[in-house]
Amino acid sequence: MLADDDVLLREGLASLLEGSGFDVVGQAGDGVELLALVRSTRPDVAIVDIRMPPGHATEGLDAARVIRQELPDTAIVVLSAHVEVDEAMDLLAGGERLGYLLKTRVTDVAEFIRTVERIVAGAAVVDPALVRELVSARRRRDPLDVLSPREREVLGLMAEGASNSGIAGRIFVSEGTVEKHVRSILGKLDLPESETDHRRVLAVLKYLEAR
Amino acid sequence: MRQRVNALVHRVGASLMLRSAGQARLAWVVGITGPLLVAAALAPFRPSIGLAGFLFGTLLFVVAAAVMGGLRPALVGAAIAIPPGVYYFAPPYDNLAIEREGDLFVFIGFIVVAAVLGILVDQLVGLARQQAALRRVATLVAHAATADELFAAVTEEVARQLPVGFARMGRYESDDSITFVAAWGSPEDGFPVGSNLMLDGDSVRGQVFRTGRPARIDNYDQISGPLGQTARELGMRSSVGVPIIVDDRVWGVMAVSSTTMPKYPADTEERLAAFMDLLSAAIANAESRAELAASRSRIVAAADETRRRIERDLHDGTQQRLVSLAIELRMAESRVPSELPEARAMFFRAAKDLTDAVADLQEISRGIHPAILSKGGLTPAIKTLARRSAVAVELDVEVERRLPQQVEVAAYYVVSEALTNVAKYAHASLVNIDVHASESAIELTIRDDGIGGADPTRGSGLVGLKDRVEALGGTITVAGGSGQGTSVVARIPIDRKSGIDAERRQAIVR
């Protein structure tokens, strides 16, 4: 399911997804149309532009909230032209199988498809640009100073929503090593252990935002 | 002649009402007891002092009574001096006969001198009081008191200058009605401040409105229209109104009324007009100030609106199309047969460059207008600024609610510009940002620990900021000597009524 008021982009995205093995069951131009289509077609995933008619504000986010309430099994990817922490946390509070990505992320087709697949499989994903901004924000007594450079890197990947095995793949170490890093980070920053990935993402984001 | 006497009587009444009741009573005491005391004190020396000496002595008290109470106590005092004068000081002594014919003329001359002195002193005192009142009004004007303060003060001063029970200042509206803007004297429910009446009929205020000239009414029996009707119900007997002319149009009217006097003194219009000139100047001044402030505010608002539209066009139009284009390039890339790796690489590069261009465009559009400000308000917008700051930021933001758009935009740019300057010039290691919103204003402090010595006139950024903040009736100061760091402190009023001073003035002055 695709929702974006820009037909060109929507069609482009649709053919990309079709080409990568997805079955695009419907396309919507605004939130109302999207909800109607989601209710009737029950897709596995809805990819939604945050800014849609009529207000061009956060209609996509509102629609995502409704979908999450009515059909909690539907994975949702929200696309935004510029990512904002509050929006990301707002969305991620809805649970797992959620993603919040920059629109331009779409142009890296292979990576985008992989991310959508991860989200459908249960991950919670936040755009790396947003995480980078959060991690690199400068603080006087930065609590992140207690982390080693490797740990910072792991923290960033945690915030993006990568699982331990995902992190292991990205930084070329064993999953056991990642687990050790994660435990160390959580301990140093006094963050709670979370059973689910999306809770971990939310906790890390909250921490980074409030630090 | 009769008219003149009437006028004189009213003038006496007028001068009485000018002064406080206590002072008027004292005038009578001085006028009555003064001559008797002089008689008692000087009686033993009457051969050497003579009648002229005695009368001269009483004149001092006559003048004193005139200063305090006007002509009437002065004349009564002079009259009281005559019996003891005849009895003790005019030969033959100790009886009420007059021996010398000349003494009779001395008495007549004395009364005339007392009357003339009384009138002159009375006028002089009146003039002095008027000058003092005018000076008070002028001071108010000069200190740029708010319009309603000024109106109330002028109305009161006018009332104190005249035999008035009742003074009201009104502003003419475009629908031929009048709105009362200041009131003095009872009954308080007669034409209260804020009330609005139509100008139909031949009331004083209606006449002034139509002719642009002073008008008076000495008999309310035949006066028609809602204003005349109300005046009659309030028991008005006489009224005088003078126009307030601002920029060649009849802006409003100052009118005084009395429930007791059958007729106002002839110079009332003139005395009122003296105040109206000052008032006109003050109103014209406030109007042009209000217009200037309003136009400043409109310019800033229009510029903001344009920026918002550009940002939106960029976002919803250009940016979307570029992203679509990048996707198309990717699709094209995927369809290039693998035997043509160079073509593939070209598509790949083109798509990547395009994506970078979109990122640049995003950065630019954020500079034009931060979308997060319209979406999320000031707190997330300032947090974002702080995160992107090149210098470490300690943030303390307490703005729970959404503020008027212009205020949010101005506050955002204060922080944004201050952070830019810190990064460029301050060589600071830390910036403290405090943002607090109260009911009536938002206060921002951005303080760094850098080298200081900021020059507020440097660069167009701060000047533009000052214009923006001041257009909203706010203030911004940049302080910090060399080596003390720099602090930018801004205060922007929120409440539209008291906050946007310009609009408030406009509302009153209009």
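Here, residues in each chain are numbered from 1, in the same order as that chain's written sequence. Throughout, the order in which chains and ligands are written sets their labels, letters from A for the former and numbers from 1 for the latter. Per-residue local features are limited, in this predicted model, to residues with pLDDT of at least 70; the limit for side-chain atom pairs, both in listing and counting, is 80 or more; totals at the level of whole chains, interfaces and linings are taken over all residues.

Novice: Please clarify how the overall build of chain A should be interpreted in this entry.
Specialist: Helix and strand content of chain A: 10 helices and six strands. Burial is judged by counting the other C-beta atoms within 10 Å of a residue's own C-beta: 20 or more makes it buried, 12 or fewer makes it exposed, and any count in between marks it as partly exposed, with every C-beta position built from the backbone. Expressed as a percentage of its 211 residues, the buried residues of chain A come to 45%. Partitioning the intrachain contacts of chain A with sequence separation of at least 6 by distance along the chain shows that 61% fall at a separation of at least 24. Only DSSP runs of H or I with at least four residues qualify as helices, and only runs of E with at least two residues qualify as strands; both kinds are numbered from the N terminus onward. Contact between two residues is assigned whenever their backbone-derived C-beta positions fall within 7 Å.

Novice: Please clarify how the overall build of chain B should be interpreted in this entry.
Specialist: Within chain B one finds 16 helices and 11 strands. Within chain B, buried positions represent 40% of all 510 residues. If you take every contact in chain B between residues at least 6 apart in sequence, the share linking residues at least 24 apart comes to 66%.

Novice: Looking at this model, I keep getting lost on the pairing of strand 3 (residues 45-49) of chain A. Mind explaining?
Specialist: A regular strand places its side chains on the two faces of the sheet in alternate fashion. Residue and element names in this part refer to chain A. Here strand 3 lies mainly inside the structure; four of its five residues are buried. At least two bridges found by DSSP between two strands is the condition for calling them paired. Where strand 1 (residues 2-3) meets strand 3, two bridges bridge the pair, whose relative direction is parallel. Following the sheet pairing, A3 is matched in strand 3 by V48. Inspection of the sheet shows strand 3 paired to strand 4 (residues 75-80) by five bridges, in the parallel sense. Following the sheet pairing, V45 is matched in strand 4 by A75. Regarding the hand of the β-α-β motif, the stretch spanning strand 3, helix 3 (residues 59-70) and strand 4 is right-handed. Seen with its strands pointing away from the viewer, a crossover is right-handed when the path leading from the first strand over the helix to the second is clockwise.

Novice: Can you help me understand the pairing of strand 1 (residues 166-172) of chain B in this one?
Specialist: All names here are of chain B. Among the seven residues of strand 1, seven are classified as buried, and the element is accordingly described as predominantly covered. Residue alternation in strand 1 divides its side chains into two sets, F166, R168, G170 and Y172 and A167, M169 and R171, and both sets are buried. Strand direction decides the pairing type here: strand 1 and strand 6 (residues 249-258), joined by six bridges, are antiparallel. Each residue of the ladder has a partner; that of R168, found in strand 6, is A255. Where strand 1 lies against strand 2 (residues 177-184), six bridges are found, and the strand directions are antiparallel. Bridge pairing in strand 2 links A167 to W184. A loop of four residues connects strand 1 with strand 2, the two strands running antiparallel in sequence, and D176 in this loop sits at a positive phi of about 60°.

Novice: I tried to follow the environment of L150 of chain B on my own but got confused; where do I start?
Specialist: Secondary-structure assignment places L150 of chain B in helix 6 (residues 147-161). Between the C-alpha atom of L150 of chain B and that of A282 of chain B, which follows or precedes it by 132 residues, the distance is 8.5 Å.

Novice: Could you clarify how one ought to interpret the confidence of the model for chain B in this entry?
Specialist: A low pLDDT score tells you not to read the predicted coordinates there in detail. All names here are of chain B. For chain B, the average pLDDT comes to 83, and 91% of its residues sit at 70 or higher. Per-residue confidence from the predictor is given as pLDDT, running between 0 and 100. Every residue in residues 12-18 scores below 50 in pLDDT, and together they form 19 contacts with partners more than four places removed in sequence or on other chains. Across residues 497-510, where pLDDT falls below 50, the model places 34 contacts with residues more than four positions away in sequence or in other chains. Prediction confidence for the complex, expressed as pTM and ipTM, is 0.62 and 0.75 respectively.

Novice: Honestly, the packing of helix 4 (residues 85-92) of chain A against helix 10 (residues 197-210) of chain A in this entry has me stumped. Any pointers?
Specialist: Any two packed helices are characterised by how steeply their axes cross, that is the angle between the axes, and by the distance between the axes. Residue and element names in this part refer to chain A. Packing of helix 4 against helix 10 leaves a shortest axis separation of 10 Å and a crossing angle of 155°. Looking at the two axes, helix 4 sits roughly antiparallel to helix 10. For the pair helix 4 and helix 10, the crossing hand works out as left-handed. The segment helix 4 lies against helix 10, with V85, A88, M89 and L92 engaging H198, V201, L202, L205, K206 and E209. The convention used is that axes are lines fitted to C-alpha atoms, helices contributing only their stretch in contact, and that angles between N-to-C directions extend from 0 to 180 degrees. Roughly parallel here means an angle under 35 degrees, roughly antiparallel means over 145, roughly perpendicular means 65 to 115, and every remaining angle is called oblique. Crossings are sorted by hand: turned counterclockwise from the far helix by less than a right angle, the near helix makes the crossing left-handed, and turned clockwise it makes it right-handed.

Novice: Where do I start with the environment of V86 of chain B in this structure?
Specialist: Residues and elements named next belong to chain B. Position of V86 relative to the elements: it lies in helix 4 (residues 71-89). For V86 and L104, which are 18 residues apart along the polypeptide, the C-alpha to C-alpha distance reads 9.4 Å. Residues within four places of V86 in sequence aside, it is in contact with L96 and I98.

Novice: In this structure, what is going on with the sheet that holds strand 4 (residues 215-217) of chain B? I would like to understand it.
Specialist: Sheet strands pair via backbone hydrogen bonds, and the direction of the pair is either parallel or antiparallel. Residues and elements named next belong to chain B. Pairing in this open sheet of six strands is antiparallel, and the strands run 3-2-1-6-5-4 from one edge to the other. Each of the sheet's edge strands pairs with one partner strand only, and the pair in question is strand 3 (196-198) and strand 4. This sheet shows a mean twist of 25° between the axes of neighbouring strands, independent of strand direction. Along the sheet, helix 7 (residues 204-211) contacts strand 1, strand 2, strand 4, strand 5 (238-246) and strand 6; its crossing angle with strand 5, the most-contacted strand, is approximately 30°. The sheet strands contacting helix 9 (residues 268-335) are strand 5 and strand 6, and the helix crosses strand 5 at an angle near 35°.

Novice: Before we go on, may I ask you to explain the sheet that holds strand 2 (residues 27-28) of chain A in this structure?
Specialist: Residues and elements named next belong to chain A. The sheet built from six strands is open, its strands ordered 2-1-3-4-5-6 with parallel pairing. Among the strands making up the open sheet, the edge pair consists of strand 2 and strand 6 (124-126). Taken strand by strand, helix 3 contacts strand 1, strand 3 and strand 4, and its axis lies near 175° from that of strand 4.

Novice: Would you explain the packing of helix 5 (residues 101-142) of chain B against helix 9 of chain B in this entry?
Specialist: Residues and elements named next belong to chain B. Where helix 5 contacts helix 9, the two axes come as close as 10 Å, and the packing angle between them is 10°. Taken together, the axis directions place helix 5 and helix 9 in an arrangement best described as roughly parallel. On the side of helix 5, the interface is formed by Q130, L134, V137, A138 and V141, while helix 9 contributes R271, A274, F275, L278, A281 and A282. Amino acid classes used here: Ala, Val, Leu, Ile, Met, Phe, Trp, Tyr, Cys and Pro are nonpolar; Asp, Glu, Lys and Arg are charged; the rest, including Gly, are polar. Split by residue class, the contact of helix 5 with helix 9 holds nine nonpolar, one polar and one charged.

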